[in-house]
Amino acid sequence: MNGESNASPVRFRFLGPLEFFDGGQWVSIGAPKQRALLAVLLINANRAVSADQLMAELWGERPPPSAAGLLAGYVWRLRNGLGDPGGRMLSTRAPGYRLVLPSGATDVDEYERLVAAGRKSLAEGDLPSAVAALTEGLGMWRGTPMADVAMVPSVLAESARLEEARLAVVEARIEAEIGLGGHEALLPELKLMVSQFPLRERLHAHLMVALHRSGQQAEALGAYRDLRRLLVDELGVEPSKPLRELQGRILRDDPLLLEETRRATPATAVLRLAVPRTLPPDVPAFIGRERELAWITARLTGGEQRCAVHGMAGVGKTALAVHAAHRVAGSFPDGQVHLDLGASATHGPTPPADAIGRLLAVLGVPAADIPPDEERAAVMLRSALAGRRVLVVLDDVAGSGQIRRLLPGAPGCAVILTSRPASTAVDGSGLLRLGRLPATAATALIRRYAGAPRVDTDPAGTVRLAGLCDHLPLALRIAATRLARRPEWTVGEFAARLADPARRLDALTCDGLSVRDGLRAGVRLLRRVADPFATRALGQLGVLDLPVVSTAALAAALDIPVPLAESAAERLVDAGLVETSRMDRYRVPGLVRLFATDEYVTADEERTSTHRIVGYYEGEVRDQLARLAANRGAGLAWYREECLTLRVLAARAPGAELPKLVNRLSSALR
């Protein structure tokens, strides 16, 4: 591998300075920006990297106006430098560029092949083969990965991943050599590494075993005491159970520890982990979220470790997160995990300790080895993820406290969060609010699930059906699936059924999917917060039956001060039941209004609240009429904003003064 012959399949090396093989020798790319561009493309080999991501990598968050042209020029020069003027290897691939490489074309490919072979031999007990393969792999390192490349985000993340993984490989090689009886020769290396990486328990375990086998029992126990003191002082935790057991065996002078045949030391068992693939199946039809999908994939493949998707019930948060996870799975070869944390479940959100235990179990840690204590389990989780590239989807998160210790900190790992409220565990740049689908995407989703011929014969009925589903993906998918199962129904007939308020929510249920259940989950979230007005506010949304409600109007309907009404409305947003349109105004989907009317409105409450809200708007209209002479523009702006609400309420209260006042204001502004 370290040779330079044409027979070598390796064309690129980045376990050290970045180089490529030109057919006769290893050469480097001279221009720094081209070198960084090649590095990013190599890290993402055989995957299209968007031009936007490449510009962000090369120039940061604010690329110059000429960045697109400069990028195209760098690609052109890089192709010529690599002997690929036709772009067969460095191809243009929407939305950017792709470096097409066969398997084994980089030194990292060859290194990881040797490491995999070495680990396999180690697991099978073939220690000489394990030492040979792991030593050969480690010998391919020529220094810091991509040492001559600017530390752009992708390079920084990949370099950190490789360095962390290299340390785990060194630990595996040492384990195999100890098993072959090389403990005394390893002592100088182990002591140096323990001083460099004082918190790595696996290195301490190797050092303790090597010292004990060399007849230095006191020194082996001293190494344990040094580690324990450091863990207690720095992290406030005790050493792991396997390491404590190893200390006990040394104290007992366990004769099995002196055997030179390979035995897995207790500290290594935890780290020999599974490669989990527990993502749910990808959604069969993913429509209308291209921008959001591109944002998540660019963030995760660009070195960022966290992103969070939040939004209303039924808006498709889980589907987007799972689809994005499938899309970037190749960037996380050590596993992709989905954990449903059940924030909206009947039994309540998953406790943090249980969530950590579930993740450790998925990673292959035996249940008996998982500490019940949350802090110690979190330390084990950090150790388990060290040196690995794992993607975790934390679905239906209740709050930051639930996941604080679940968030991967190891370079190369990443997490996608979904929740109804915006997560405080991710900074603002990593938050994505998911809204309802645009009208064209909503009808396209119905067309995909229900079948194009039926939809295309009744486009007006399809548009109406999408509107009755509030353009929410969950409701659209249920409606379209029901249509697909009933070929004798027309789109228009089913839309007419949904138009009946008494039947709509019951009709939007299929195969365990239910709009009503999703809304009830939001109510359970409301009940977990100490706000006595939140559930009452939901009932008032059913009484008002308005698509947009102001904080002041909600306060009038509830007969409470505006700050309390605002707090209640914000609770509804966090529960995924309404969404903000702007400050002090909230958009209420028709399905939520139906749900609130069905389950939270009594006849007496409806009469009382309607009387209050009509009275409130009568006062507001009188105030506007009184101020028209002084500020006609302000009155016109207020009327335009409240026009729909005024006309709906006036139609409901024909005997009140509101209809006449609304007509007077309209005439005065005309």
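If you're wondering where the values come from, they're calculated on a predicted model, not measured in any experiment.

Enquirer: Would you mind showing me how to read the packing of helix H7 (residues 183–196) against helix H8 (residues 201–213) here?
Expert: How two helices sit against one another is set out by the angle between their axes and by the gap between those axes. One can describe the packing of H7 onto H8 by two numbers: an axis separation of 9 Å at closest approach and a directional angle of 145 degrees. Where H7 crosses over H8, the two elements pack in a sense that is left-handed. On the side of H7, the interface is formed by His183, Leu187, Leu190, Lys191, Met193 and Val194, while H8 contributes Leu203, His204, His206, Leu207, Ala210, Leu211 and Arg213. A class-by-class count of the residues in the contact of H7 with H8 yields eight nonpolar, three polar and two charged.

Enquirer: I would appreciate a short explanation of the sheet that holds strand E9 (residues 391–395) in the present structure.
Expert: One key point about sheets: their strands pair by backbone hydrogen bonds, in either a parallel or an antiparallel sense. One open sheet accounts for five strands, arranged E8-E9-E10-E7-E11; its pairing is parallel. If you trace the sheet from one side to the other, it starts and ends with strand E8 (336–340) and strand E11 (431–434), each paired once. Taking the axes of each pair of neighbouring strands and ignoring which way they run, one obtains an average angle of 15 degrees across the sheet. For E9 and strand E10 (residues 414–419), the ladder comprises four bridges, and the chain directions are parallel. Note that in E10 the partner of Val393 across the bridge is Ile416. Against the sheet, helix H12 (residues 290–301) makes contact with strand E7 (306–311), E9, E10 and E11, and its axis sits at roughly 155 degrees relative to E7, the strand it touches most.

Enquirer: What exactly am I supposed to notice about the sheet that holds strand E2 (residues 19–21) here?
Expert: Strand order across the open sheet formed by three strands is E1-E2-E3, with antiparallel pairing between neighbours. What marks the edges here is a single partner per strand, and that holds for strand E1 (12–13) and strand E3 (26–27). Where E2 meets E3, two bridges bridge the pair, whose relative direction is antiparallel. Directly across from Phe21, in E3, lies its bridge partner Trp26.

Enquirer: For this particular structure, what's the right way to read the side chain of Thr481?
Expert: With respect to the helices and strands, Thr481 occurs in helix H20 (residues 473–485). Residue classification places Thr481 among the buried residues on the basis of a relative accessible area of 18%. Once residues within four sequence positions are removed from consideration, Thr481 is found in contact with Tyr449 and Cys510.

Enquirer: Teacher, can you tell me more about unusual backbone geometry here?
Expert: Glycine aside, negative phi is the norm for most residues, and most peptide bonds take the trans geometry. Its identity is not glycine, yet Met146 carries a phi of approximately 55 degrees, on the positive side. Mapped onto the elements of the fold, Met146 is located in the loop between helix H5 (127–138) and helix H6 (153–179). In the Ramachandran plot, Asp559 falls in the positive-phi region, its phi being about 60 degrees despite a non-glycine side chain. Take Asp559: it is sitting in the loop between helix H25 (551–558) and helix H26 (562–574).

Enquirer: Would you mind going over the pattern of salt bridges with me for this structure?
Expert: Pairing is possible between side chains of opposite charge, provided their charged atoms come close. In this structure the tally under the stated criterion is 35 salt bridges. Its salt-bridge partner being Arg405, residue Glu375 comes within 2.3 Å of it at the nearest N-O pair. Placement of the pair is Glu375 in helix H15 (residues 374–385) and Arg405 in the loop between helix H16 (400–403) and E10, with a sequence separation of 30 residues. The partly exposed category is assigned to Arg405, whose relative accessible area is 25%. One salt bridge in this structure joins Glu641 and Arg582, with 2.3 Å as the shortest N-O distance. With Glu641 in helix H29 (residues 632–652) and Arg582 in strand E15 (residues 579–582), this pair connects stretches of sequence that are 59 residues apart. When salt bridges with common partners are traced through the structure, they connect Asp506, Arg516, Asp517, Arg520, Asp598 and Glu599 into a single cluster.

Each value, and the rule that gives it
Residues numbered from 1 in each chain as written. Predicted model: local features only at pLDDT ≥ 70, side-chain atom pairs only at ≥ 80, totals over all residues. Heavy atoms only, no water. Axes fitted to C-alpha atoms, helices over the stretch in contact; angles between N-to-C directions. Helix = DSSP H or I, 4+ residues; strand = E, 2+ residues; numbered from the N terminus. Left-handed = near helix turned anticlockwise from the far one by under 90°. Contact = heavy atoms within 4.5 Å. Nonpolar A, V, L, I, M, F, W, Y, C, P; charged D, E, K, R; others polar. Pairing = 2+ DSSP bridges. Buried < 20%, exposed > 50% of the residue type's maximum accessible area, 1.4 Å probe, protein only. Salt bridge = Lys/Arg side-chain N within 4 Å of Asp/Glu carboxyl O.

Purely spatial values, then, with no claim about function.
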